[in-house]
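# Structural overview
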Amino acid sequence: MNDALVIIPTFNERENLDWIVGRTLASGASVDVLVVDDGSPDGTGELADAYAERDARVHVMHRTEKAGLGAAYLAGFAWGLERGYDALVEMDADGSHHPEYLPGMLELLRENDLVLGSRWVPGGAVENWPLRRKLLSRGGSWYTRGALGIRVADTTGGFRVFRSSALRRIDLDRVESRGYCFQVDLLWRALQAGLRVVETPITFTERIHGASKMSGSIVRESLTKVTLWGLRRRSRAVVELVVRHRRLPSVRATSHRVGPVRGGVSTR
């Protein structure tokens, strides 16, 4: 067993799976892979099983229904923590996240609790996105920073490396989100817990096969929850100041940014 586990949630990713798992194992990082399949009708789960039979570094979790990205990651976290991995990685199945960044991101974890692959820090980039998607993503991160009072540039990115001991400091059972807002939810809890968070630039490439699962309802859910979290934080800050005459710990002080890690874009 390697020290790090890459968790890859899947739903109808048959065209991408073999390629992304192969690249991950060949990235130069000492990792195992856990495919968390939500009952894909296209046979993704069966393809993952076949890969696992060929390579002991690959594991598969079969879930009976599509319950959301957050639920899949929480199940993967529980699986990895139970088996004693030191680091747990979030990575998309569609090739948007380049596994070649993994060695550098894992190196950064030596002095941090959470490493974020960031599209919106200097050196970060997005390939093959229309202007509308770029504005939506950057606007969402801008709003989240303002509402929550944080300084993380890419609040919704899904390429992340967690120290397992840090995940245990977050009450995962209380994570409210199961869809794409899960990424903001987990980041917000990490910052409130005082975890050391670092952003490093990555190039994000839009998927070639399959369709994006982003929708208007996902955006509305995120905006609503972020607004509520921000209001709760401000209300709590007022109570602490007025009643207990003290300030809440900063949610900005433990996050910072670094330059590019080794690795980068690989083509098919």
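Above this text is the structure in question.
Residues numbered from 1 in each chain as written. Predicted model: local features only at pLDDT ≥ 70, side-chain atom pairs only at ≥ 80, totals over all residues. Heavy atoms only, no water.

### Things to note about the overall build of the chain
Helix and strand counts for the chain stand at eight helices and 10 strands. Here the C-alpha atoms of the chain give a radius of gyration of 18 Å, agreeing with the 18 Å that 2.2 N^0.38 yields for 268 residues. Across its three principal directions, the C-alpha atoms of the chain cover 60 × 40 × 40 Å. Relative to its full complement of 268 residues, the chain shows a buried share of 53%. Once local pairs closer than 6 in sequence are excluded, the contacts in the chain between residues at least 24 apart make up 82%. (Helix = DSSP H or I, 4+ residues; strand = E, 2+ residues; numbered from the N terminus. Rg over C-alpha atoms; globule rule 2.2 N^0.38 Å. Buried < 20%, exposed > 50% of the residue type's maximum accessible area, 1.4 Å probe, protein only. Contact = heavy atoms within 4.5 Å.)

### Thoughts on the packing of aromatic side chains
Considering all chains together, one arrives at five aromatic pairs under this definition. Judged by centre distance (6.2 Å) and plane angle (15°), the ring pair of Y73 and F182 falls under stacked. In this pair, Y73 is assigned in helix α3 (residues 69-82) and F182 in helix α7 (residues 182-192), connecting sequence segments 109 residues apart. Among the residues examined, Y73 registers a relative accessible area of 0% and is labelled buried. Since its relative accessible area comes to 0%, F182 is described here as buried. Within the aromatic cluster, the residues linked to one another by ring pairs are Y73, F77, F162 and F182. Above the plane of the ring of Y51 lies R54, whose end atom (NZ or CZ) is 4.5 Å from the centre. Lying across the ring of F204, R119 places its NZ or CZ 5.4 Å from the centre. (Phe/Tyr/Trp six-rings, centres within 6.5 Å; stacked < 30°, edge-to-face > 60°. Lys NZ or Arg CZ within 6 Å of the ring centre and 35° of its normal.)

### Some points on a nonpolar patch on the surface
A surface patch of nonpolar side chains, amounting to about 430 Å² of accessible area, comprises V238, V239, L241, V242 and V243. Within the fold, V239 resides in helix α8 (residues 216-243). (Patch = residues over 30% accessible without salt bridge, like charges linked within 9 Å, V, L, I, M, F, W, Y side chains within 5 Å. Areas by Shrake-Rupley, 256 points an atom, 1.4 Å probe, with all protein chains shown as cover. Salt bridge = Lys/Arg side-chain N within 4 Å of Asp/Glu carboxyl O.)

### Focus on the pairing of strand β4 (residues 87-90)
Residues of β4 alternate between two faces, with A87 and V89 on one and L88 and E90 on the opposite face, all of them buried. With four bridges joining them, β4 and strand β7 (residues 160-163) adopt antiparallel strand pairing. Counterpart to E90 in the pairing with β7 is R160. (Pairing = 2+ DSSP bridges.)

### A closer look at the nonpolar core
F77, L88, I150, L172, L186 and L187 are the most contacted members of the largest nonpolar core, which totals 40 residues. Of all the secondary structure elements, the ones that give two or more residues to this core are β1 (4-10), β2 (31-37), α3, β5 (114-118), α5 (131-148), α6 (164-167), α7 and α8. Take this core: its biggest share by element is eight residues, from α3. With near-sequence residues (within four places) excluded, L186 lies in contact with F77, E90, R160, F162, I170, L172 and V175. Formed by 30 residues, the second largest nonpolar core is a distinct cluster that contains I8, L25, M91 and V198. (Core = buried A, V, L, I, M, F, W, Y, C linked by side-chain atoms within 4.5 Å.)

### Focus: the side chain of D185
With respect to the helices and strands, D185 occurs in helix α7. With relative accessibility at 1%, the residue D185 sits in the buried group. Those residues in contact with D185, other than ones at most four positions away along the chain, are V175, E176, S177 and W229.

### Things to note about the environment of Q183
Looking at the element boundaries, Q183 is found in helix α7. For Q183, a relative accessible area of 3% gives the class buried. With 114 residues separating them in the primary sequence, Q183 and L69 have C-alpha atoms 9.2 Å apart. Contacts of Q183, omitting those with residues within four sequence positions, involve L69, Y73, E90, T155, T156, G157, G158 and R160.

### Observations concerning α3
Between its terminal C-alpha atoms α3 stretches 20 Å, which fits the 20 Å expected from 14 residues at 1.5 Å a residue. Here α3 has its buried residues at L69, G70, A71, A72, Y73, L74, A75, G76, F77, W79, G80 and L81. Following α3 by one or two positions, G84 has its phi on the positive side, about 85°. (Expected span 1.5 Å × (residues − 1).)

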